[in-house]
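Chain by chain, the residues:
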Amino acid sequence: MSGSLNLTNDFVVKFANVNGSGSASANSMFAKSVLRMGVPVAARNIFPSNIQGLPTWYEVRVTGDGHLGRRGGVDLMVAMNPQTWDRDIAEIESGGYLFYDSTKVLPESKFRDDITVVGVPLTRICNEVYSVPRERQLFKNIIYVGALAALLGIEIEVIETLLAEQFAGKERLIKANVDALHMGRDYVRTNLTPLGLQVRRADAVGDRIYVEGNSAAALGAVYGGATVCAWYPITPSTSVVEAFTDYCAEFRIDAETGQAKYAIVQAEDEIASIGIVIGAGWNGARAFTATSGPGISLMTEFIGLSYFAEIPAVIMDVQRGGPSTGMPTRTQQADLISAAYAGHGDTKHPMLLPQDPGECFEMGALAFDLSDRLQTTVFVMLDLDIGMNEWLTEPFKWDDTRSLDRGKVMTYEDLESGVDFGRYKDVDGDGIPYRTYPGVHPSKGAYFTRGTSRNPYARYSEEGHVYVDNMQRLLRKFETAKSLIPAPELRKSKTATRTGVIYFGSTTPAMHEALEILASKGLHLDALRVRGFPFSDEVYDFIAAHDRVFVVEQNRDAQLRTLIVNEGDVDPAKLPPVLHFDGTPITARFIAAEIGTRLGATAPRSPVPEAAE
Amino acid sequence: MTLFLSERVRRGGRDLDLPGREEARANIHVGIDWLSSVSFGHINKIGRRVIVLGGGNTAMDCCRTSRRLGGEDVKVVVRSGFEEMKASPWEKEDALHEDIPILNFRVPKSFTHENGKLTGVVFEVVEAQYDDKGRRRLMPSGEPDEHYPCDDVLVAVGQENAFPWIERDIGLDFDEWGMPKVDEVTFQSTRPGVFFGGDAAFGPKNIIWAVAQGHDAAVSIHRYCQGEDVNDRPPPGFSLTSQKMGIHEWSYDNDVSNDARFRVPQRDKGESLKDVRLEVELGFDPKLGFAEAQRCLNCDVQTVFAEPLCIECDACVDICPVDCITFTEDGEEEDLRGRLNAPSLHLDQDLLVSNKLKTGRVMVKDEDVCLHCGLCAERCPTGAWDMQRFTLEMTHATAMTGGGACQAR
Amino acid sequence: MTYLAKPRLHHPSLSPNDLGFTRRDYEGSVSTLCAGCGHDSISAAIIQACYDLNLPPHRLAKLSGIGCSSKTPDYFLGASHGFNTVHGRMPSVLTGANLANRELIYLGVSGDGDSASIGLGQFAHAIRRGVNMTYIVENNGVYGLTKGQFSATSDKGSKSKRGVENHESAIDLVSLALQLGATFVARSFSGDKAQLAPLIRAALAHKGAAFIDCVSPCVQFNNHSGSTKSYDYVREHNEAVNRLDVIAKRAPIEVDYAPGTTTTVTQHDGSVLALHKLAAHYDPTDRIAAMTYLAQRQALGEVVTGLLYVDPEASDLHDSLETVSTPLTALGGKDLIPGSSVLAKINADLR
């Protein structure tokens, strides 16, 4: 058909499946096979809050240029779910392709005439070979991977290697899967021709790794020295603890005794989870919990206690669509305000804002140093997009000379030397007091921890000036935090500009791509990625240095912008928000269109529409 | 006729008639006489080496005065042990502080002399032995005698008869120490109509005792003069007044000081040894005096217990810093003393035992260790404990005569 | 309360324990609770138990929630670290503390509001996890700090100080603890320190979740007639099943009760619990029988006290998690960080 898309190493494949059909691992293998050919991919799961039966999608962006954000639009739809057929077909770009199971004959009205339709009788092939229904279901997935490999020019040996790695030691399974793979390939070779979308071997991946943010953050916790983890299952954070459990089982077992150098407790709820974390932190262990928005709501009272009683804790918040139960399996950056100010009364808490799994690892480890140093709760703000999707990211790095920074802790020797210990005394002027671990000394250093107001020596006091002094000291501590939080990252436009943009977290790859799109249209922006809260002066200097600074984020109420306005002296009119909050990851096209339009005359006349979900 | 004797006892210092006494008399002085000579300015120096014989306060005065009149090597030698010495503990402490050694268990045997001049004193070394009745006797230890050279000896031992002028055949009995036998309640001697009080009755005490005894003797004399039995005396009265002001406020100062006794500040030793007329003790300044006064345990404020109000919640038991309150089954005193929360160490100290409480138990309070801090009453939810000031109202003879009734006070 | 510090002066014969501490050394600040509060007697019993146990005060961590009872950890063991957490959430904080350092002894102090209402869930889960702790509920059947509302342990039919009758069923924490698998369950009465102090001592020595429900009259709001948590009511209806003597390990066992009336149970740490039976045939190692007995007696309006159940072979959460014997707090970077070479392997597996 004329007008068909001809794209090499730059297209989007979307798999439409039924949840629970075993498609996830096959789809993931498809993405990984592209990677193994040296071509970057960005893959995202779009899944329901459901175990079996509801629709689920897997979107793979093959991107030789390395644009890891979601692009928007679909070039090849692998339509395996009759339930969503119509909308899936509608989503295909004009000139795009449809791959479907042609076992059942469909009326012409079910198709579009501006796309290329590729039918493979997957069910028929399966039914001829397999008799067990479950096998039919599972191998169908592998068969379409084989067929797609042949259609898209993916080297079949790469997939065979992946299968061998996945089922290492289970030769029978390897063979069965390879056979299925070949069935798909062979059908295409015999009956069809390759598509205009092609994967061509390249060298654009480098030494990057392909990993989920949740898993990376869990590994960060291992390297950060976390020993106690308490949690309550909640999507999309559950896999943080699952990964932590796996890593601990591998790296934290005492070689001699076989005993665990960690403790993981699945608590009865999020309240108990954070309670356990705070109890362990109080007692000198590094402890964390992983949760999502609803969990933060439940933990709020304890977070306030951690702030006021100054107890280290780490919370990994894998954000999902809110409010309330919201969209449990969709992504958002909508917990910023509830995390930053969790608790009644005047409270605020440091947050780390990782852009990808690489930073999830770094910040996952750093959070423990920071929480010990600052003696308070530190949030690592992941989101479902980073947390539950495999991302191509820089390899994890660790400096073996680095040691755990336990912060200001008085030892037996310190106490014995006769220093004046006041648990809430600002000795060094940085607002951070010294603490002692329970049991440290027979007669010195004991104190009573409480959430009520107290004097520098931890004795109960409701005197106004004592309370005010303490609250001011906590502010000084928050000032100190600014110097410890990772600094923002500046991307200066090659062309001088008075327009800027601020963004963070999983928006990053889409933002970078959008900057390129805008630049190609003559729109130049300086860009600043904030990496944590509280904001350092660089953030406000950046705003001051520009006439207009877009703030791009994935929530309705411009929460990052609110924090920026709230914490500094900024005219809100200078900060136009760019907001994406439909639960799908933000796209470069969306950002470029929004900013382009707002920049007026020079904007493209009709922004590329966002595909409807 | 009645006679009341309360004269300050003048006791002559006793001499020591030991070998060498006559030959060396120029340098052997009777301590009390020597002290008055110093006081009157007749004597203003003494030899470099001085031995003071005796262990009472006179001996302490002698040795310390010697240090001020040129005595450099002054020592006190005593028959008894250190603890049994009659001198007040603080006097002994002060002597030691002025570098005066006290040698105990040494009995003087003779004075040594040469060419009519005293050269020293020979002592027999003894040890204390106790008989069945616990009486002490000093027995030779068997160790060789000791000789201490000296230039002067001050004798400050024993005392002469206090009443040489009372004839011994008038029906007034004296004890072995030459003191009249006096009834401790009525102050009457064995001869009706003759009363003693103050130092004349039981030896030296302070003026407070003397006044109290005067009051009691006055009651006796009044009754004697009325032809009534002096032993039949109206008892003293008392009153108890609640000290409670608020939930934890009392009209006495109940905050117990944890301080140990404060030392009275003293003049620098070098300075005070130069002049016999300089006061050694400088006295408390107001701040220190106040702190010392804070150590008062308010013995006049009593814990008063009202059984019907007690709910046996243990609050008083828990708060008592000295564990002097116990709720337990009733029993005989000896048995009860064995079951208290803290051992009852001093049997002469009373127990306060309540009537039976609701559970059938009794409240027992050992008065021995009570600090009168009032915390039991502060913690008592029902007011079963109260802190009440005890005022003793003595029977006074003036009231008796004025009112005409013996019960009046 | 009193605003004066309790004088440091103590009885001259107050004897030190094996560690050289007198009982007074285990005290804390002066209580700010109402005069006559049963909770103060429980604090005194805790002090006595720790003294008797020769416990180094700094090796115990005391935790509480919110409420009158939860204030009390300030009033004992001044040399221990204490943590007054949030309402009803002490069990989770204690669990975390215990996971961090298994070498300390954990004492949780709570009240009936803190444990039977807002914190019922956390109470239940800490017990069923077998956290090695002594959990004391100072149970007065009333909200004291907010002036006299019924609590979840107020008996149905009992009356408030204002004469209002309680129509809701009471939660019996002892029955719950037994059902949830607590391995040491006792009930006592703040007005009976002779019974309570040995129970606390035995509980502190117990390895596993030890629970003591201690009826503790609120003199201010729940000590009137019509209350089932008053001094008078509890004294009239107290049915003690046994009297406990705790005998330290290695000490010879000398129990001066008639033969056949005493059961001994040896705990994990070697201490021996000598139980003088007051109720014939009561076997404190039979959990099902204990539950039945409690239910029967409770139906008669009796308050069953004593050591109701003990499992001498109890294990704790650390056993289930198979954690190392070294406290997790004592592990350093060398023990915990796999290092860059391991990371290189992980990276390789992720390509």
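Residues numbered from 1 in each chain as written. Chains lettered and ligands numbered in written order. Predicted model: local features only at pLDDT ≥ 70, side-chain atom pairs only at ≥ 80, totals over all residues.

Draft legend 1. Structural view of the overall build of chain B. Assigned secondary structure in chain B consists of 11 helices and 19 strands. The C-alpha atoms of chain B give a radius of gyration of 28 Å, which is well past the 22 Å a tight globule of 409 residues would have. Each of the three principal axes of chain B carries a C-alpha extent, and together these read 90 × 55 × 50 Å. Here chain B holds 409 residues, and 30% of them are scored as buried. Considering only contacts in chain B between residues 6 or more positions apart, those separated by 24 or more positions represent 65%. (Helix = DSSP H or I, 4+ residues; strand = E, 2+ residues; numbered from the N terminus. Rg over C-alpha atoms; globule rule 2.2 N^0.38 Å. Buried ≥ 20, exposed ≤ 12 C-beta atoms within 10 Å, placed from the backbone. Contact = placed C-beta atoms within 7 Å.)

Draft legend 2. A look at the interface of chain A and chain C. Of the residues lining the interface, 54 residues belong to chain A; the matching set on chain C comes to 48 residues. If you list the elements that add at least two residues to the side of chain A that touches chain C, you get strand S9 (209–212), helix H7 (213–223), strand S10 (228–231), strand S11 (263–266), helix H9 (270–282), helix H10 (293–309) and strand S17 (448–450) of chain A. Considering every element that reaches the side of chain A that touches chain C, the biggest residue donor is H9 of chain A, with 9 residues. Across the side of chain A that touches chain C, the residue classes tally to 34 nonpolar, 14 polar and 6 charged. (Nonpolar A, V, L, I, M, F, W, Y, C, P; charged D, E, K, R; others polar.)

Draft legend 3. Spotlight on the arrangement of the chains. Among 2 pairs of chains with at least one contact, chains A and C form the most extensive contact set. At their nearest point, the C-alpha atoms of chain A and chain B are still 20 Å apart, with no contact between the two.

Draft legend 4. The arrangement of the domain arrangement of chain B in detail. Residues and elements named next belong to chain B. Along its sequence, chain B is carved into domain 1 (25–155), domain 2 (163–225), domain 3 (241–250 + 298–393) and domain 4 (257–296). The straight-line distance from the C-alpha centre of domain 1 to that of domain 4 is 27 Å. Taken residue by residue, the interface counts 7 residues in domain 1 and 5 residues in domain 4. When residues in the side of domain 1 that touches domain 4 are grouped by element, the largest group, 3 residues, is from helix H2 (residues 57–68). (Domains from an automatic or database assignment.)

Draft legend 5. Focus on the interface of chain B and chain C. Taken together, the contacts link 26 residues of chain B with 24 residues of chain C. Mapped by element, the contributors of at least two residues to the side of chain B that touches chain C are helix H8 (315–319) and helix H10 (375–379) of chain B. Of the residues in the side of chain B that touches chain C, the class split is 16 nonpolar, 3 polar and 7 charged.

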